[in-house]
Amino acid sequence: PPPPPPVLIARPRPPTPSRPVAGARRCALPAGIAAATGLVVGGVLAAVEGASVGSWIGLLASGALASVVFVALNQALAALLGNVGRAIGLLVAVLLVATGIVATVPAALTSLRDVLPVGSALRLLTSIVDPGAAGGAGDAVALVLWGLVSVAVTTLVVARRRSVRVEQLLRA
């Protein structure tokens, strides 16, 4: 008798293994664009304020840091909440513009701005332009922490979505 036909067993594709180098490359473009944008903002602020050489360096570095942190935070919000997260990121930008332009801002909006990274960025840049103003190193540390937490949240959310649980394999 002829041999039985081969049996094909359906197997789900395993999740793609993590590739740290590829992931870092994908993050480099948004971070690079953010850093360049922050450098432009810092440079414009330094030129408008007639800053010293030291202040130029501080404004350029602070602008780049703030911009990269904003992009990391928006990425974390989008990864965690999808379109709702993107909308929240947009509202934070609107909050910064509104509290920076309008003179009669309600105290609640100013307080909200101050606990978000936009408040730290604003105080940091202001402290460089006006050394007597509040802010400085503590706000730079706060921005770095916001950035690190944002990157961690994005990484965890993406890793969780890329993983396959045993229950999912058994159902397949």
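Criteria and cut-off values
Residues numbered from 1 in each chain as written. Predicted model: local features only at pLDDT ≥ 70, side-chain atom pairs only at ≥ 80, totals over all residues. Heavy atoms only, no water. Patch = residues over 30% accessible without salt bridge, like charges linked within 9 Å, V, L, I, M, F, W, Y side chains within 5 Å. Areas by Shrake-Rupley, 256 points an atom, 1.4 Å probe, with all protein chains shown as cover. Salt bridge = Lys/Arg side-chain N within 4 Å of Asp/Glu carboxyl O. Helix = DSSP H or I, 4+ residues; strand = E, 2+ residues; numbered from the N terminus. Buried < 20%, exposed > 50% of the residue type's maximum accessible area, 1.4 Å probe, protein only. 1 Å grid on protein atoms, 1.4 Å probe; cavity = no way out; pocket = protein on both sides within 12 Å on 5 of 7 lines; lining within 4 Å. Points joined across faces, edges and corners; volume = space filled by probe spheres on them. Nonpolar A, V, L, I, M, F, W, Y, C, P; charged D, E, K, R; others polar. Contact = heavy atoms within 4.5 Å. Polar contact = N/O pair within 3.5 Å; in protein donor to acceptor, adjacent residues only side chain to side chain.

**Q** Which parts of the structure should I look at to understand a nonpolar patch on the surface?
**A** Together, Leu80, Leu81, Val84 and Ile88 make up an exposed nonpolar region whose accessible area comes to about 340 Å². Contributing elements (two or more residues each) for the nonpolar patch: α2 (53-81) and α3 (83-101). Looking at where leucine 80 falls in the secondary structure, it is placed in helix α2. Overall, the relative accessible area of 49% leaves leucine 80 in the partly exposed class.

**Q** Just checking my understanding: could you explain the layout of surface pockets for this structure?
**A** Taken as a whole, the second largest pocket encloses approximately 280 Å³ of empty space. Around the second largest pocket, the lining is made up of 14 residues, and of these Val41, Ala66, Phe70, Leu96 and Leu125 lie nearest the centre. When grouped by side-chain class, the residues that make up the lining of the second largest pocket number 9 nonpolar, 5 polar and no charged.

**Q** Any chance you could explain the environment of serine 67 here in plain terms?
**A** Structurally, serine 67 can be placed in helix α2. Residue classification places serine 67 among the buried residues on the basis of a relative accessible area of 14%. Setting aside chain neighbours within four positions, we find serine 67 in contact with Ala34, Thr37 and Gly38. Of the polar contacts made by the side chain of serine 67, one reaches the backbone oxygen of alanine 34; its length is 2.7 Å.

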